[in-house]
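Report on the structure
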Amino acid sequence: MSTVLKVFSKEELIEKFKEIYAKGWIKNERGKNDGAVGNTLEDLLEIPENNLPIPNAAEWELKAQRSDTSSLLTMFHMEPSPRAMKIVPSILLQKYGWASAKAGSLYPDDEKSFRATLNAKTYSDRGFKVNVNDEQRRVEIVFDNAHTDERHSGWVDSVEKRVGHLNNFDVAPYWGFDDLFHKAGVKLTNCFYVQADQKFEVKNSKRENFFLYNYVLKLSQFDQDKFIDAIRQGKVYVDFDARTGHNHGTKFRIHYYDIPTLYKNAEVVLDERGKM
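Reference entry: report on the structure contained in this document. These figures come from a predicted structure and were not determined experimentally.

Further remarks concern the layout of surface pockets. Taken as a whole, the largest pocket holds about 630 Å³ of empty space. Around the largest pocket sit 27 residues that line it, and Gly35, Lys63, Ala64, Leu73 and Thr74 are the ones nearest its centre. Ranked by residues supplied to the lining of the largest pocket, first place goes to strand 3 (residues 60-66) with six residues. A per-class count over the lining of the largest pocket returns seven nonpolar, 10 polar and 10 charged. Looking at the second largest pocket, its volume works out to about 250 Å³. Counting residues per element, the lining of the second largest pocket draws most heavily on strand 11 (residues 206-222), which supplies four residues. Partitioned by chemical class, the residues of the lining of the second largest pocket number one nonpolar, four polar and seven charged.

Listed below in structure tokens is the structure:
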């Protein structure tokens, strides 16, 4: 028997957020991972993961974080082009990867890792950076050995042997502007961003976790030009998380306080921080 999906107007959803805040501290029954605060909120709203059922409107996304987190907020997942080359496993891992910290223990001896959070303002300690290429209308990853920290000299030698040189990529990983706009348009056109305080209490000798959903930001009309500007200014990060045995996916991420810079309209619809 199928479950009937609850449907909200934007106004009803805002009232629902206020009702959830009025409930006070909500026990976390969704585990210890970063997604628990969002999963718990979805349970309270009785909706499927991420998508908000709002009729007669463009798609709305739900994003939620703990207020005390230092983690970046994931906007969307998107693997780099050229897609047919499978850039992450075949080039970044095989030619530019380094030994996994758990190689020889949890993973095989030759397990490689390519984990990097990159932006367009600074080079990583291994010499990688994001670049906005306006001429070719793409966001790309560049490599410059001159910016590699000397403690990675052994890795640099291995890259030279594997690639044959230490110049920039022969084939740069990239995302075309239009592809990015399409992806962002599907995932981020309109968004409710929610924060929750958290606390822990010991009950019956068991440490329990609670959330208080006390801040809601309504964001509408994702702006393509502002998005590219945010990438150029280093506000948007490209996050690689891959090892030989598994690619966890390439993510575009941002700090919560920079989210409003991506939209034409940003409105605080609930702010009860520090009041309970």
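A separate point is the environment of Asp68. Here Asp68 is to be found in the loop between strand 3 and strand 4 (73-77). For Asp68 and Gln195, which are 127 residues apart along the polypeptide, the C-alpha to C-alpha distance reads 9.1 Å. One polar contact links Asp68 to Gln198, side chain to side chain, over a distance of 3.3 Å.

So, on to unusual backbone geometry. Omega for the bond connecting Ser81 with Pro82 falls within 30 degrees of zero, at -5 degrees, which places this linkage in the cis form. Among the secondary structure elements, Pro82 is positioned in the loop between strand 4 and helix 3 (87-96). The residue Arg137 is not glycine, and still its phi comes out positive at about 50 degrees. For Arg137, a relative accessible area of 40% corresponds to the partly exposed category.

Definitions and limits used
Residues numbered from 1 in each chain as written. Predicted model: local features only at pLDDT ≥ 70, side-chain atom pairs only at ≥ 80, totals over all residues. Heavy atoms only, no water. 1 Å grid on protein atoms, 1.4 Å probe; cavity = no way out; pocket = protein on both sides within 12 Å on 5 of 7 lines; lining within 4 Å. Points joined across faces, edges and corners; volume = space filled by probe spheres on them. Helix = DSSP H or I, 4+ residues; strand = E, 2+ residues; numbered from the N terminus. Nonpolar A, V, L, I, M, F, W, Y, C, P; charged D, E, K, R; others polar. Polar contact = N/O pair within 3.5 Å; in protein donor to acceptor, adjacent residues only side chain to side chain. Buried < 20%, exposed > 50% of the residue type's maximum accessible area, 1.4 Å probe, protein only.

Function-wise, these values are silent; they only describe arrangement.
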